[in-house]
Amino acid sequence: NVKRLPVLAADGTLIGIVSRRDVLRVFTRADEEIRRDIVEGVLPHWMGLDPRTVDVAVSGGVVLLRGGVERRSDIEVLTHLIAGLDGVVAVTSELRYSMDDVHVRPPVEAHVT
């Protein structure tokens, strides 16, 4: 809830004020640049997904994902990765999935004794 911080010289005199906007400005990126990182980087290279299957819209740093992926777990990983990109304020997913793999357990191996 801090909105401004005083900047003091070594002797304690006030030399300026830093606002939250000043600090966040370093991380601000154009929406199209964020979208390009997702479509050309995150989807094909990090997730191995065809970018044509996911519609990506970015407005004010808020990412909206629409379309479909194969596994439900892909949605969770994808939104987490995108949320970590510089300039992303929030991620909203309207993605659909074909297979719910969240509660799937790997098969138990048979051991012959």
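See above for the structure.
Bear in mind that the values here come from a model prediction, so they are computed numbers and not experimental data.

We now examine the pattern of salt bridges. One pass over the full model with this rule turns up seven salt bridges. The salt bridge partner of aspartate 50 is arginine 52, with a shortest N-O separation of 2.8 Å. Residue aspartate 50 is classed as partly exposed on the basis of its relative accessible area of 31%. As a salt-bridge pair, aspartate 100 and arginine 72 come within 3.1 Å of each other at their nearest N and O atoms. In this pair, aspartate 100 sits in the segment after strand S5 (90–99) while arginine 72 sits in helix H3 (residues 72–83), placing the two residues 28 residues apart along the sequence. Residue classification places arginine 72 among the partly exposed positions, given a relative accessible area of 29%. If you follow the salt bridges from partner to partner, you end up with Arg29, Glu33 and Asp37 in one network.

With that out of the way, let us pick up the nonpolar core. Core analysis: the largest hydrophobic core is formed by 19 residues, its most contacted members being Ile38, Val56, Val63, Leu65, Leu78 and Ile82. When contributions to this core are tallied by element, the ones reaching two or more residues are helix H2 (31–46), strand S3 (54–59), strand S4 (62–71) and H3. With five residues, H2 is the single largest residue contributor to this core. With residues up to four places along the chain from it excluded, the contact list for valine 56 reads Arg35, Ile38, Val39, Leu43, Val63, Leu64 and Leu65.

The residue aspartate 74 is located in helix H3 in this model. Judged by relative accessible area, aspartate 74 falls into the buried class, the value being 7%. Apart from the residues within four sequence positions on either side, aspartate 74 is in contact with Met47, Leu49 and Val69.

Parameters and conventions
- Residues numbered from 1 in each chain as written.
- Predicted model: local features only at pLDDT ≥ 70, side-chain atom pairs only at ≥ 80, totals over all residues.
- Heavy atoms only, no water.
- Salt bridge = Lys/Arg side-chain N within 4 Å of Asp/Glu carboxyl O.
- Buried < 20%, exposed > 50% of the residue type's maximum accessible area, 1.4 Å probe, protein only.
- Helix = DSSP H or I, 4+ residues; strand = E, 2+ residues; numbered from the N terminus.
- Core = buried A, V, L, I, M, F, W, Y, C linked by side-chain atoms within 4.5 Å.
- Contact = heavy atoms within 4.5 Å.

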